[in-house]
Amino acid sequence: MSNDPQAIVVRAVQAEDYEQWLQLWLAYQDFYQVSLDETTTRTAFSRLLDANEAMACAVAVQGDELVGLVHALLHRSTWAVADFCYLEDLYVAPTVRGGGTGKLLIEWVQRYAQYHGCARLYWHTQQTNKRAQKLYNWIAEDSGCIEYRMAL
């Protein structure tokens, strides 16, 4: 497998990508030590394919193999007239990490957000995800926010 970012193409996910997307999705869940049930996973994939949903998915492809994924959600905000774009999930296979694939996937979301006239593109990561933070600090601004969660 090449580490050459030129060999990687980023495109919108397609229905026939499901099995390979699923493997990346499960690896992403492993990284964050979560496990989503099959119904949630299938619903998410269905929504990502639906042009009427305010969400999208791109995949990084090297040859015939999916080596990365990114999910984005559009939503309203009280802070702007235009929608915000939230980059919810980003995963790059270990075999191609460090070769620019993550940056290509983020740039795809950036174009998606621009196309939809969004006022902001933002995302979160774990404080321990230092490798990803190197990329994020290079291409974006750290907002200084801390995320809190409440189970419902």
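Structure shown above.
Description of the structure in this document.

Thresholds applied
- Residues numbered from 1 in each chain as written.
- Predicted model: local features only at pLDDT ≥ 70, side-chain atom pairs only at ≥ 80, totals over all residues.
- Heavy atoms only, no water.
- Helix = DSSP H or I, 4+ residues; strand = E, 2+ residues; numbered from the N terminus.
- Phe/Tyr/Trp six-rings, centres within 6.5 Å; stacked < 30°, edge-to-face > 60°.
- Buried < 20%, exposed > 50% of the residue type's maximum accessible area, 1.4 Å probe, protein only.
- Contact = heavy atoms within 4.5 Å.

1. Examining unusual backbone geometry
Step number 1: Even without being a glycine, Gln33 presents a positive backbone phi close to 55 degrees.
Step number 2: Tracing the backbone through its elements, the reader meets Gln33 in the loop between helix H1 (18–31) and helix H2 (38–49).

2. Remarks on the packing of aromatic side chains
Here a ring pair, both rings aromatic, is described through the centre-centre distance and the interplanar angle of the planes.
Step number 1: In total, this model carries 12 aromatic pairs according to the counting rule given.
Step number 2: Taking 5.6 Å as the distance between ring centres and 15 degrees as the angle between the ring planes, the aromatic pair formed by Trp21 and Trp25 counts as stacked. Here Trp25 and Trp21 lie together in helix H1, a separation of four residues that amounts to about one turn. Residue Trp21 shares its accessibility class with Trp25, and that shared class is buried.
Step number 3: Aromatic side chains Trp123 and Tyr136 sit 5.5 Å apart centroid to centroid with 70 degrees between the ring planes, which places their arrangement in the edge-to-face category. Taken together, the residues Trp123 in strand S5 (residues 120–123) and Tyr136 in helix H4 (residues 130–139) connect sequence positions 13 residues apart. Assigned by exposure class, Trp123 and Tyr136 land together as buried.
Step number 4: Joined through ring pairs, the aromatic side chains of Tyr18, Trp21, Trp25, Tyr28, Phe31, Tyr32, Phe45 and Tyr91 make up one cluster.

3. Structural notes on the side chain of Thr41
Step number 1: For Thr41, the location among the structural elements is in helix H2.
Step number 2: What makes Thr41 buried here is its relative accessible area of 4%.
Step number 3: Not counting chain neighbours up to four residues away, the residues in contact with Thr41 comprise Tyr18, Trp21, Leu22, Trp25, Gln29 and Leu36.

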